[in-house]
Amino acid sequence: MDDASSSSFPVRHKKFSVHIKESKIDIVICSYDDQFLVIATQIGTMGTIMHARKEEGMLNNPTFNVSVIFGKRDEPMLLACARQLIEHIGNSGSSKSLTLSLGLKDHSTETLKGIVSAVIENRLW
């Protein structure tokens, strides 16, 4: 994937690649009216798909909810990755939800931290 951002496509997006632990990871970030879509893949497919959202109450601090839509439900590090991203989105003032797709061979902490850092560096929120 080439590093690119296209304004001609109807949805604002960025696509780029990063190298983490000598492995190439392709990342696409899309900003829709009501949510963000982040796809990160080493294997060329969607992988585990999660949905994360910020819930605000009248009297208490916001809470963040992450759920697996499709894929591996027994990988707490994938959930932690989604939670870090939705917290960053929520703390930056956006109320949009996040759909995150991780198609990874390597689920190590280093890989997931690298993905979170790359997405935040190239964020659309």
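As the structure is a prediction and not an experimental result, all values here were calculated from the model.

**Q** What exactly am I supposed to notice about helix α2 (residues 109-121) here?
**A** The periodicity of an α-helix, 3.6 residues per turn, causes residues three or four positions apart to be oriented the same way. Here α2 contains 13 residues, and its C-alpha end-to-end distance of 18 Å stays within 8% of the 18 Å for a straight helix at 1.5 Å per residue. Taken together, the buried positions of α2 are T111, L112, I115, V116, A118, V119 and I120. Looking at the buried residues of α2, the elements they touch are β2 (12-20), β3 (23-31), β4 (35-41), α1 (76-91) and β7 (97-103).

**Q** It is not clear to me how the environment of M50 should be interpreted in this structure. Could you clarify?
**A** Mapped onto the elements, M50 comes out in strand β5 (residues 48-55). Exposure remark for M50: the relative accessible area of 0% places this residue in the buried category. Distance from M50 to A118, taken between C-alpha atoms, is 18 Å for residues 68 residues apart in sequence. Residues contacting M50, with those up to four places away along its chain left out, are S67, V68, I69, L78, L79, A82, L98, T99, L100 and L102.

**Q** Explain the packing of aromatic side chains here, please?
**A** Given two aromatic rings, one states the distance between the centres and the angle between the planes to describe the pair. Taken as a whole and assessed by the stated rule, the structure comprises one aromatic pair. Above the plane of the ring of F36 lies K96, whose end atom (NZ or CZ) is 4.7 Å from the centre.

**Q** Could you clarify how one ought to interpret the pairing of β2 in this entry?
**A** Every regular strand shows the same layout, with side chains that alternate between the two sheet faces. Alignment of β2 against β3, held across nine bridges, turns out to be antiparallel. Its bridge partner lying in β3, H19 is registered against K24.

**Q** Looking at this model, I keep getting lost on the side chain of D26. Mind explaining?
**A** Its location among the elements puts D26 in strand β3. Here the side chain of D26 touches S17 through a polar contact of 2.6 Å, side chain to side chain.

**Q** In this structure, what is going on with the pattern of salt bridges? I would like to understand it.
**A** Should their charged atoms come close, side chains of opposite charge can pair. Under the counting rule described, the total for this entry stands at five salt bridges. For K21, the salt bridge goes to D106, with nearest N and O atoms at 3.2 Å. Of this pair, K21 sits in the loop between β2 and β3 while D106 sits in the loop between β7 and α2, and the two are 85 residues apart along the sequence. Note on K21: relative accessible area 42%, which makes it partly exposed. The partner of E87 in a salt bridge is R83, and the shortest N-O contact between them spans 2.8 Å. Taken together, the residues span about one helical turn, with E87 and R83 both in helix α1 at a distance of four residues. By relative accessible area, which is 25% here, E87 ends up partly exposed.

**Q** What is the right way to read the packing of α1 against α2 from this model?
**A** Geometry of a packed helix pair, given as the angle between the helix axes and the separation of the axes. Their axes nearest at 10 Å, the elements α1 and α2 cross at an angle of 20°. On the basis of the axis angle, α1 is roughly parallel to α2. Here α1 and α2 pass one another in a crossing that is right-handed. Residue-level contacts link M77, L78, C81, Q84, L85 and H88 of α1 to T109, L112, V116, V119 and I120 of α2. Classifying every residue of the contact of α1 with α2 by side-chain character gives eight nonpolar, three polar and no charged.

**Q** What exactly am I supposed to notice about unusual backbone geometry here?
**A** A negative phi angle characterises most non-glycine residues, just as the trans form characterises most peptide bonds. Despite not being glycine, K21 shows a phi value in the positive range, around 55°. Although it is not a glycine, E22 adopts a positive phi angle of roughly 60°. Mapped onto the fold, E22 is located in the loop between β2 and β3.

Parameters at a glance
Just so you know, the residues in each chain are numbered from 1, in the order the chain's sequence is written. Local features in this predicted model are restricted to residues of pLDDT 70 or higher, and side-chain atom pairs are both shown and tallied only at a pLDDT of 80 or more, whereas totals for entire chains, interfaces and linings draw on every residue. With hydrogens and water excluded, all non-hydrogen atoms of the structure serve as input to the side-chain values. Working definition: helices are DSSP H or I runs of at least four residues, strands are E runs of at least two. Numbering for both runs from the N terminus. The span one expects for a helix is its residue count, reduced by one, times 1.5 Å. Only protein chains enter the accessibility calculation, which uses a 1.4 Å probe; a residue whose area is less than 20% of its type maximum is buried, one above 50% is exposed, and one in between is partly exposed. Any pair of residues with heavy atoms lying within 4.5 Å of one another is described as a contacting pair. Paired rings are identified among Phe, Tyr and Trp, the last through its six-membered ring, by centres lying within 6.5 Å, and are further divided according to the angle between planes into stacked (under 30 degrees), edge-to-face (over 60) and tilted (the rest). Working rule: Lys NZ or Arg CZ, within 6 Å of ring centre, within 35 degrees of ring normal, means a charge sits over the ring. Any two strands between which DSSP finds at least two bridges are classified as paired. As used in this structure description, the phrase polar contact means that two N or O atoms lie within 3.5 Å; if the pair is within protein, one of them must be able to donate a hydrogen and the other to accept it, and residues adjacent in sequence are counted only when both atoms belong to side chains. For this document, the term salt bridge refers to a Lys or Arg side-chain nitrogen within 4 Å of an Asp or Glu carboxyl oxygen. Only the contacting stretch of a helix is used when fitting its axis, a line to C-alpha atoms as for every element, and angles between N-to-C directions run 0 to 180 degrees. Roughly parallel covers angles under 35 degrees, roughly antiparallel covers those over 145, roughly perpendicular covers 65 to 115, and oblique covers all other angles. If you view the pair so one helix is near and one far, a crossing is left-handed when the near helix is turned anticlockwise from the far one by less than a right angle, and right-handed when it is turned clockwise. Just so you know the grouping, Ala, Val, Leu, Ile, Met, Phe, Trp, Tyr, Cys and Pro go in nonpolar, Asp, Glu, Lys and Arg go in charged, and all remaining residues, Gly too, go in polar.

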